[in-house]
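Geometric and topological summary
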Amino acid sequence: MSALRALLPLFERERAAARPLTLATVVRTDGPTYTKAGALMLIAQSGEYAGLLSGGCLEGDLAEHARAVLEEGQARVVRYDMLGPNDLLFGLGSGCEGSMDILLQRLDAPGAWQPMSRLESAWRARRREGVLLVVRSEDCSLPAGSGAFASDAAPFGGAAPGAVAPLVQLARKQAHSGSSRFLPQAMTGVDALALTEVPPPRIIVAGAGPDARPVAELASFLGWSIAVIDHRPQYAQPQLFPRAECVLDGGPAALERLLRSGASHADRFAAAIVMSHHYFTDSKYLALLAATEIPYIGLLGPVARRERLLEQLGAQAAALRKRLRSPVGLDLGADTPEAIALAIVAEIHGMLKGRDCTALTPPTARQPLSAPAAKPSMPHTAAR
């Protein structure tokens, strides 16, 4: 899953001002590192940056290298080795105990701002995009920082159209995996990165009460695309969910229309959360979701309520049971709307990453590790 959205405001602002930027791409890692191959960061002429590659350990040093790339116009690879005592040689003290290679390349109008312009367009259109990015090269027809797009083999960065064809085939194969991969010696004398950017996951929040707002905020903060629905007009207000893709009034009827509009593969939903607190409305939401292939369906409320709803659904319940998470969310001991939202979003994130979230949920509550000893309550008194 990409953090591309975090880069777009800086990219759009600098592009509008015709100021070139440096694109930093993690192309190879070894050992424990903050990010992995395919992570992106943008660095402006001023040194301002968007995105994180190391949690703040390397970004300042990268900005210095970025200035040289902007001045010279030549892409370069910067290597950081934080393995054991070598980390101290850099004076960074990151403590990651891993290493990473980062490709720095200039983005500007003469180069059509590629590959960022195409990645931005794909993100906004919720379209998968694969890029073959040349990292190191002994071939003058494929300089470092050049490449081609997997969808149409369009070259950029000075890559010769005829030279990229074999690399594009590799990028297309890799694009289906949903992850980026370093390809040493992808061709003789050429190391490359098969970079895959996937669309942001689309999430349905069926219920727009006050406890739905932190769910939408956390999900939006992760870059997910959120559709909020409610049967109560006073709750289905766009100003209450400013970062949502859409806020729909109409309850189950609105959900039905939304599901029909998302019939294409590009618009399929990754998860749906049913949390209207209204029994009959939730029943209708679940009946509609039972007919979909949405892999994660969360239902707010206790087990007894879930079982009553499933019993009412009859034969439709069989299509839900394997996908239904109820009570929704990881067992984090959540007892506030914000903590419950964290538990829900964390569980969906785990599902999207292929984790077995059921294994993360203990069958019984555990005592908090730092639980203080119980003390008798005392009346509040002013300090003297």
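Preceding block: the structure.
About the criteria used
Each chain carries its own residue numbering, running from 1 in the written order of its sequence. Under the rules for a predicted model, residues below a pLDDT of 70 receive no local features and side-chain atom pairs below 80 are neither given nor counted, while totals for whole chains, interfaces and linings still include all residues. Side-chain descriptors were evaluated using all non-hydrogen atoms of the structure, hydrogens and water having been removed beforehand. Categorising residues by exposure relies on relative accessible area from a 1.4 Å probe, with only protein chains included: less than 20% of the type maximum marks a residue as buried, more than 50% marks it as exposed, and the intermediate range marks it as partly exposed. To qualify as a helix, a DSSP run of H or I must reach at least 4 residues; to qualify as a strand, a run of E must reach at least 2; elements of each kind are numbered from the N terminus. By definition, two strands form a pair when at least two bridges between them are found by DSSP. The reported arc concerns the directions from the helix axis to the C-beta atoms and nothing else. Between two residues, a contact is recorded if the distance between any of their heavy atoms is within 4.5 Å. Within this scheme, the nonpolar core is defined by two criteria: the residues are buried Ala, Val, Leu, Ile, Met, Phe, Trp, Tyr or Cys, and they are joined through side-chain atoms within 4.5 Å. Axis definition: a line fit to C-alpha positions, over the contact stretch in the case of helices; interaxial angles, taken between N-to-C directions, run 0 to 180 degrees. When describing relative orientation, an angle under 35 degrees is termed roughly parallel and one over 145 degrees roughly antiparallel, while 65 to 115 degrees is termed roughly perpendicular and anything else oblique. Crossings are assigned a handedness: left-handed for a near helix turned anticlockwise from the far helix by less than a right angle, right-handed for a clockwise turn. Note that Gly is not counted as nonpolar here; it falls among the polar residues with everything else outside the nonpolar set of Ala, Val, Leu, Ile, Met, Phe, Trp, Tyr, Cys and Pro and the charged set of Asp, Glu, Lys and Arg. Crossover handedness is defined here as right-handed if the route from the first strand over the helix to the second strand goes clockwise, with the strands pointing away from the viewer. Within 3.5 Å is the distance limit for a polar contact, defined as a pair of N or O atoms, with the added protein rule that one can donate a hydrogen and the other accept it, and that residues adjacent in sequence qualify only through two side-chain atoms.

Observations regarding the pairing of strand E6 (residues 129-137)
In terms of residue burial, E6 counts as a mostly covered element, since 7 of its 9 residues are buried. Across 8 bridges, E6 lies against strand E10 (residues 190-197) in antiparallel orientation. The residue bridging leucine 133 from the neighbouring strand is leucine 193, located in E10. Strand direction decides the pairing type here: E6 and strand E7 (residues 147-149), joined by 3 bridges, are antiparallel. When the bridges of E7 are listed, leucine 133 appears paired with glycine 147.

Quick notes on helix H1 (residues 8-16)
For H1, the complete set of buried residues consists of Leu8, Leu10, Phe11 and Glu14. All buried residues of H1 lie within an arc of 160 degrees about the axis, which places them on one face of the element. Relative to its buried face, H1 has exposed residues pointing more than 90 degrees away, namely Pro9 and Ala16. Those residues of H1 that are buried lie in contact with strand E1 (21-30), strand E2 (40-44), strand E3 (49-50), strand E5 (99-107) and helix H4 (116-124). In the stretch just after H1, alanine 18 is the one whose phi turns positive, near 60 degrees.

A look at the nonpolar core
Core analysis: the largest hydrophobic core is formed by 26 residues, its most contacted members being Leu4, Phe11, Leu40, Leu42, Leu107 and Met116. Where this core is concerned, the elements lending two or more residues are H1, E1, E2, E5, H4, E6 and E10. When neighbours within four sequence positions are excluded, leucine 40 is seen to be in contact with Leu4, Leu7, Leu23, Ala24, Thr25, Gly51, Leu53, Leu119, Leu195 and Glu197. Grouped together as the second largest cluster of nonpolar side chains are 25 residues, Ala216, Val247, Val345 and Ile348 included.

Remarks on the sheet that holds E2
The strands that make up a sheet are held in pairs by hydrogen bonds between backbone atoms, and each pair lies either parallel or antiparallel. The 5 strands lie next to each other as E3-E2-E1-E5-E4, forming an open sheet whose pairing is antiparallel. A single partner strand is all that each edge strand has here, and the edge strands are E3 and strand E4 (76-81). The pairing of E1 with E2 spans 5 bridges and is antiparallel. Within E2, the position partnered with threonine 25 by the bridge is leucine 40. H1 contacts E1, E2, E3 and E5 of the sheet and is inclined by roughly 35 degrees relative to E2.

What about the packing of helix H8 (residues 279-290) against helix H9 (residues 303-313)?
At their nearest, the axes of H8 and H9 sit 10 Å apart, and the two run at 60 degrees to each other. The orientation of H8 with respect to H9, classified from their angle, is oblique. Considering only the axes of H8 and H9, their crossing is right-handed. Here H8 contributes Tyr279, Phe280, Asp282, Ser283, Leu286 and Ala287 to the contact with H9, which in turn contributes Arg305, Arg308, Leu309, Gln312 and Leu313. Looking at the contact of H8 with H9, its residues break down into 6 nonpolar, 2 polar and 3 charged.

Here we look at the environment of tyrosine 296
For tyrosine 296, the position within the fold is in strand E15 (residues 296-299). Accessibility expressed as a relative area gives 3% for tyrosine 296, which makes it buried. Each C-alpha atom of the pair tyrosine 296 and isoleucine 348 lies 7.4 Å from the other, and the pair is 52 residues apart in sequence.

Quick notes on the pairing of E15
Here E15 shows a buried face lined by Tyr296 and Gly298 and a second buried face lined by Ile297 and Leu299. When strand E14 (residues 271-274) meets E15, the two strands line up parallel, connected through 4 bridges. Bridge assignment links isoleucine 273 to a residue of E15, and that residue is glycine 298. With respect to chirality, the unit in which E14 leads through H8 into the neighbouring parallel E15 is right-handed. Of the pairings in the sheet, the one linking E15 to strand E16 (residues 324-325) comprises 2 bridges and is parallel in character. Bridge pairing in E16 links isoleucine 297 to leucine 324. For the segment spanning E15, H9 and E16, crossover handedness is right-handed.

Overview of the side chain of glutamate 129
As for its position among the elements, glutamate 129 is in strand E6. Assessed through its relative accessible area of 1%, glutamate 129 is described here as buried. Among the polar contacts made by the side chain of glutamate 129, one reaches the side chain of arginine 118 at a distance of 3.4 Å. Filtering out sequence-adjacent residues up to four positions away, glutamate 129 remains in contact with Arg118, Leu119, Ala122, Phe149, Ala150, Ser151, Leu195, Thr196 and Glu197.

Some remarks on the sheet that holds E10
Reading across from one edge, E8-E7-E6-E10-E9 is the order of the 5 strands in this open sheet, with antiparallel pairing throughout. The outermost strands of the open sheet, each flanked by one partner alone, are strand E8 (155-156) and strand E9 (181-187). Pairing geometry for E7 and E8, over 2 bridges, is antiparallel. Residue pairing in the sheet places glycine 147 in a bridge with phenylalanine 156 of E8.

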